[in-house]
Amino acid sequence: MDACKWNGDATFLIPLGTYMIYGANFIGPCKGSLIVKIQGVIKASTNPKIFCKDSWISFEHLNNLEIEGGGTLDGQGDSLQRNPQCATRPYTIGLSSIQDAIVHDIHAINSKMFHFDVYNCNNVTLSHVNIIAPSDSPNTDGIHISLSSNIRVFDFNIDTEDDCISIFAGSQNVNISGGTCGPGHGLSIGSLGNKPNEVVKDVHVKNCTLIATQNGMRIKSWASSNVGEATSISFEDIIMDKKSLVQIKDVTFNNIRGTSNSLVAMNFNCSSSLPCQKINLNDIKLITDNNAKPTIASCANAIGQATGIELPPSCLKPVLES
């Protein structure tokens, strides 16, 4: 690449327009700093003979890298759902062994795997990135971080099927702030313990909003004999919005009998913006396995009525007469 050979600051420009790129590998070291300015729309191949590899666009062994420009990277991941035979699926952008990098003002959509993969990097900042993937696209994490230090992610919007940001073993001093995450799985650390001595430390998440995420914030570990550690981790000033736009109404449970593994035998956890309406319970008799304690019902934003046997006693809000 001529830009890498330039003895000084170099800019690699992708201007306005739409382009098909089968794959690109930017491998250093370079003689000076490198700016990759993406202004247009870049589309990945839909041919599985071409895209079955680790990364679509990769940057390796570089110092002083900047990726920006306001453009869009379209991984065309729906083609993978139609052709699932790939043993290896490509990240949209892979950053490997990078020292000092800034990624900002980039849109990444519909990746075939992770949208951004940060591996073995130090001092990398990602800001003002917008990441979107369909709800039926598995393992499309927004930003995946592993074996990396001094990583900052802020002012982001990530809406994918999987983790918004996932932080894996060997990562430390990771700061995440001012972002919107969801729908999807949420913000995750791990899984840890799949291999010996896996450690994540000094992770701090602040001032983020999680919308309709499956797990919110979580630390995942394997039930194994491998020793590992997740330490010095904080979640601060987080807003979790679990509102659903699905209206549930006119549902009847009639003559339900048997045992429950949990004391909470009935759980109606409905949306505050669209409460469950017209829930009808008739002749419900649920006991615990050994009948040692009476079962209970739990209701949130659930409106309806119960008739006949009530075991557990109904917790539905009564229907208000008009």
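Residues numbered from 1 in each chain as written. Predicted model: local features only at pLDDT ≥ 70, side-chain atom pairs only at ≥ 80, totals over all residues. Heavy atoms only, no water.

1. Regarding the overall build of the protein chain
Cut-off, in case you're wondering: In DSSP terms, a helix is any run of H or I states spanning at least four residues, a strand is any run of E spanning at least two, and both are numbered starting from the N terminus. Only protein chains enter the accessibility calculation, which uses a 1.4 Å probe. A residue is then buried if its area is under 20% of the maximum for its type, exposed if over 50%, and partly exposed in between. In this description, contact between two residues means that some pair of their heavy atoms is separated by no more than 4.5 Å. Calculation of accessible area relied on Shrake-Rupley with a 1.4 Å probe; when residues are assessed, cover is drawn exclusively from the protein chains displayed.
In terms of helices and strands, the protein chain carries 3 helices and 25 strands. Projected onto its principal axes, the C-alpha positions of the protein chain cover 85 × 45 × 40 Å. Counting across all 322 residues of the protein chain, residues that qualify as buried make up 40%. For the protein chain, long-range pairs separated by at least 24 residues make up 71% of all intrachain contacts whose partners lie at least 6 apart in sequence. Surface accessibility of the protein chain: about 16200 Å² in total, with carbon and sulfur atoms responsible for 50%.

2. Some thoughts on the state of the cysteines
Rules: The rule for a disulfide is simple: a pair of cysteine sulfur atoms within 2.5 Å.
The final tally for this structure, using the stated rule, is 4 disulfides. In this model, C4 is linked to C30 through a disulfide, with the two sulfur atoms separated by 1.8 Å. Every disulfide takes its handedness from the sign of the S-S torsion; for C4 and C30 that torsion is -105°, giving left-handed. Remark: C30 occurs in the loop between β3 (24–27) and β4 (34–38) and C4 occurs in helix α1 (residues 2–5); sequence separation between them is 26 residues. A disulfide bridge connects C299 with C315, and the sulfur atoms are separated by 1.9 Å. Torsion about the S-S bond of the C299 and C315 cystine: about 70°, corresponding to right-handed handedness.

3. Points about the environment of S149
Among the secondary structure elements, S149 is positioned in strand β12 (residues 149–154). On the basis of relative accessible area, S149 is assigned to the buried category, the value being 18%. Once the C-alpha coordinates of S149 and Q172 are considered, the two residues, 23 residues apart in sequence, prove to be 4.9 Å apart. Look past the residues within four positions of S149 in its chain and what remains in contact with it is C121, N122, N123, Q172 and N173.

4. Focus on the UniProt feature "active site" (unreviewed entry) in the protein chain
The line we're drawing: UniProt positions are given in the numbering used here, feature names are shortened, and annotations may be inferred rather than shown by experiment. Each polar contact in these results corresponds to two N or O atoms within 3.5 Å; when the atoms are within protein, one needs to be able to donate a hydrogen and the other to accept it, and residues that are neighboring in sequence are counted only if both atoms are side-chain atoms.
The residues that UniProt annotates with the feature "active site" (unreviewed entry) are H185. Relative to the helices and strands, H185 resides in the loop between β16 (180–181) and β17 (186–192). The exposure class assigned to H185 is buried, which follows from its relative accessible area of 14%. If we ignore the near neighbours within four places in the chain, the residues touching H185 are E161, D162, D163, T213, Q214, N215, G216 and R218. At 3.4 Å, the side chain of H185 and the backbone oxygen of E161 are in polar contact.

5. Considering the pairing of strand β18 (residues 198–211)
Operational definition: At least two bridges found by DSSP between two strands are what make those strands a pair.
In the sheet, strand β15 (residues 171–177) pairs with β18 via 6 bridges, with the strands oriented parallel. In the strand pairing of β18, N175 is matched with H204. Strand direction decides the pairing type here: β16 and β18, joined by 2 bridges, are parallel. Among the inter-strand pairings, T180 is bridged to a residue of β18, identified as T209. Of the strand pairs in this sheet, β18 and strand β20 (residues 228–241) are connected by 12 bridges, and their pairing is parallel. Note that in β20 the partner of K201 across the bridge is T231.

6. As for the sheet that holds strand β21 (residues 249–260)
Two orientations exist for strands paired in a sheet by backbone hydrogen bonds: parallel and antiparallel. Our working rule: Only the stretch in contact is used when a helix axis is fitted, and all axes are lines through C-alpha atoms; the angle between N-to-C directions ranges over 0 to 180 degrees.
A sheet is described by the order of its strands in space; here 3 strands give the open sequence β21-β23-β25, paired in parallel fashion. Looking at the sheet topology across the chains shown, the edges are occupied by β21 and β25 (302–311). Strand-to-strand twist in this sheet, taken as the mean axis angle between neighbours without regard to direction, amounts to 20°.

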